[in-house]
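# Tertiary structure, described
Below, each chain spelled out in residue letters.
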Amino acid sequence: MKLYNTLTREIEEFTTRVPNVVSMYTCGPTVYHFAHIGNLRTYIMEDILEKYFKYRGYRVNRVMNITDIGHLSSDADTGEDKMLLGAKREKKTVLEVAKYYTDAFLQDCAKLNIVIPEKFIPATVEVEEFIQVISVLEKKGFAYKAGGNVYFDTSKLKEYHKFFKFKEDDLEEGVRDGVEKDKNKRNKNDFVLWFTQSKFDDQALKWDSPWGIGYPGWHIECSCISMKYLGEYVDIKCGGVDNIFPHHTNEIAQSEAFLGHEWCKHWFHTLHLNIVGGKMSKSLGNFLTLSSLEENGHTAMEYRFFCLQSHYRKALQFSEESFTNAANAYQKLKEKILALQESGAVDRGIFDKFTTKFIAAMDNDLNTALAITTIYDILKENTNASTKIALLKSFDSVLSLNLFVQEEWIQKEKKDIALTEREILAKIEERARAKKEKDFAKADAIRDALAKEGIVLIDTASGTTYTIK
Ligand code: AMP
Ligand code: ZN
């Protein structure tokens, strides 16, 4: 299987350290607002990647973080904390905002058939871990204190910018217009590991640390959560293209300084979804959400189809016209597929011929657009319906386009979970009580019983939430 690697800038054979097992890390949402459909494009492509690994016989250990602390308005560690901005905007506490938008994200993902990893870890529950790693970086001479904050010293590295041979000026990218530069930095690309000082002194969540009461920088969370749950090597790390610099560049710097060896060999980045006038962005406020598409009479699956029709390494332009075209094409395709009635035995020759085509497309740097063309080719093929159905079901295990599900059935299916939402919430409360009383056996039994029903519990700093598998 071949994938483009941002680190080498080449399409290369994907390899894993442990045969047939992929360790995969994906940067998760900053939960101060709804995910916009651009963010969701990135998560759809990562979902396809994970499902395709599985289709090709890999076991996948995957982790995703939830950024609920430390992500400032500028990715270069200046400006106000995004979570605090969200709390002020909505007159809620930071934890309320985090819970609300984490739940909203999970609902969007469920509608889009994006499977969330069981290890979906909020930064706020791992702060002790961050403090330990920062302490080691300090002992090794990679960190310094200035103006009350702890910074990573990029001048201590042989090579800081591993992704591209950036010109010095290009490295300014992470500092956004209108956000002033931090004068405490010894080198302009140094970044904050731990804040104790901020112009914005109403930071809501703070922890004690060897450097004083404060809070972690954004980049350290992904390094630490990855190392804690996936070990000192990770096969592939993923995110949107804007994560390359400074976020992933800084992650490599601090992780390799901490570990003393190469950390992640393969980097997968999805290009942006743009709208007329430029990039869609939460901070610019020019964004569309999945709900806004639904309010206009569209479905989540139409949006998934729209994304899969283009290659993840091409910027995708969203316009009313291009999306409506994709939505119509999806509905027509579904009509044809739902009209198929099983007949005859599966023709093995034809099945293998199209499976080979599908694999050739997806093995070639995840060419989902070509995989979708294969679906149309199957429908045109002169063969019986059973063969077509078997092929389409097999491909849909990766593409997850609900090709065989009537839209109204989708609703029903979601409601057909054995428990109502109220019952699930009651179970979550019962488990919380059991944990408080240190009856961990009971707490685990409740979690396991829910898991059997396809309800996966996710513990966050602000309580427990759930997702439906
Ligand atoms: P955030 O919630 O801002 O931390 O972003 C979540 C994910 O969405 C990250 O992987 C980003 O790189 C990605 N992302 C941000 N903007 C876009 C966009 N316009 N199109 C596609 N992906 C994006
Ligand atoms: Zn990250």
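Above this text sits the structure in question.
Below: a short report on this structure. (Residues numbered from 1 in each chain as written. Chains lettered and ligands numbered in written order. Predicted model: local features only at pLDDT ≥ 70, side-chain atom pairs only at ≥ 80, totals over all residues. Heavy atoms only, no water.)

## Details of the coordination of the zinc ion (ligand 2)
For clarity, the cut-off: With water excluded from the atoms, a metal site may look incomplete; its donors are any N, O or S atoms within 2.8 Å, or within 3.2 Å for Na, K and Ca. Runs of H or I in DSSP of at least four residues are treated as helices and runs of E of at least two as strands, each being numbered from the N terminus. Between buried and exposed lies partly exposed: a residue is buried under 20% and exposed over 50% of the maximum accessible area for its type, with that area taken using a 1.4 Å probe on protein chains only.
Donor atoms from the polypeptide that coordinate the zinc ion (ligand 2) comprise Cys27 (SG), Cys222 (SG) and His247 (NE2), at 2.1 Å from the metal. Along the chain, the residues donating to the zinc ion (ligand 2) are arranged with the sequence spacing C-x194-C-x24-H. Taken together, the residues cysteine 222 in helix H5 (residues 219-230) and histidine 247 in helix H6 (residues 244-259) connect sequence positions 25 residues apart. Of the residues examined, histidine 247 reaches a relative accessible area of 0% and is grouped as buried.

## Focus: the pattern of salt bridges
What counts, and what does not: A side-chain nitrogen of Lys or Arg and a carboxyl oxygen of Asp or Glu constitute a salt bridge if their distance falls within 4 Å.
Using the criterion set out here, one finds 25 salt bridges in the structure. Ionic pairing is found between lysine 228 and glutamate 126, a salt bridge with its closest N-O pair at 3.0 Å. Of this pair, lysine 228 sits in helix H5 while glutamate 126 sits in the loop between strand E7 (119-122) and helix H4 (127-139); the two residues are 102 residues apart in sequence, bridging distant segments of the chain. Classification of lysine 228 as partly exposed rests on a relative accessible area of 39%. You can call glutamate 126 buried: its relative accessible area is 5%. Through salt bridges that share partners, Asp47, Lys51 and Arg304 make up one connected network.

## Observations concerning the packing of aromatic side chains
The cut-off we apply is this: Two rings belonging to Phe, Tyr or Trp (six-membered ring only in the last case) form a pair when the distance between their centres is within 6.5 Å. Interplanar angles under 30 degrees mark stacking, angles over 60 mark edge-to-face geometry, and anything in between is tilted.
Taken as a whole, this structure holds 26 aromatic pairs when the rule is applied. Taking 5.7 Å as the distance between ring centres and 20° as the angle between the ring planes, the aromatic pair formed by tyrosine 52 and tyrosine 55 counts as stacked. A residue pair is termed a helical-turn pair when its members lie 3 or 4 positions apart in one helix, as tyrosine 52 and tyrosine 55 do in helix H1 (residues 37-55) at 3 residues. Residue class for tyrosine 52 comes out buried when judged on its relative accessible area of 0%. Plain terms: the ring middles of tyrosine 55 and phenylalanine 358 are 5.5 Å apart, the flat faces sit at 75° to each other, and that makes the pair edge-to-face.

## Brief notes about the site of ligand 1
Rules: When we say a residue is near a molecule or strand, we mean one of its heavy atoms is within 4 Å of it. In the analysis that follows, any N or O atom pair within 3.5 Å is treated as a polar contact, provided that within protein one partner can donate a hydrogen and the other can accept it, and provided that, for residues neighboring in sequence, both atoms belong to side chains. Classification convention: Asp, Glu, Lys, Arg as charged; Ala, Val, Leu, Ile, Met, Phe, Trp, Tyr, Cys, Pro as nonpolar; all other residues, Gly among them, as polar.
As a structural note, the neighbourhood of ligand 1 is formed by 16 residues, with Thr30, Gly38, Thr42, Asp242 and Lys282 the closest of them. In this structure, an oxygen atom belonging to ligand 1 sits 3.0 Å away from a main-chain N or O atom of glycine 240. Between ligand 1 and leucine 273 there is a distance of 2.9 Å, counted from a nitrogen atom to a backbone nitrogen or oxygen. For the shell around ligand 1, the residue count by class is 4 nonpolar, 10 polar and 2 charged.

## Side note on the pairing of strand E1 (residues 2-5)
Where we set the bar: In this analysis, strands are considered paired if DSSP registers two or more bridges between them.
One ladder, built from 4 bridges, connects E1 with strand E2 (residues 10-13); its direction is antiparallel. Paired with tyrosine 4 across the two strands is isoleucine 11, which belongs to E2. Two successive antiparallel strands, E1 and E2, enclose a turn made up of 4 residues, where arginine 9 displays a positive phi of approximately 60°.

In short, shape yes, function no, at least from these values alone.
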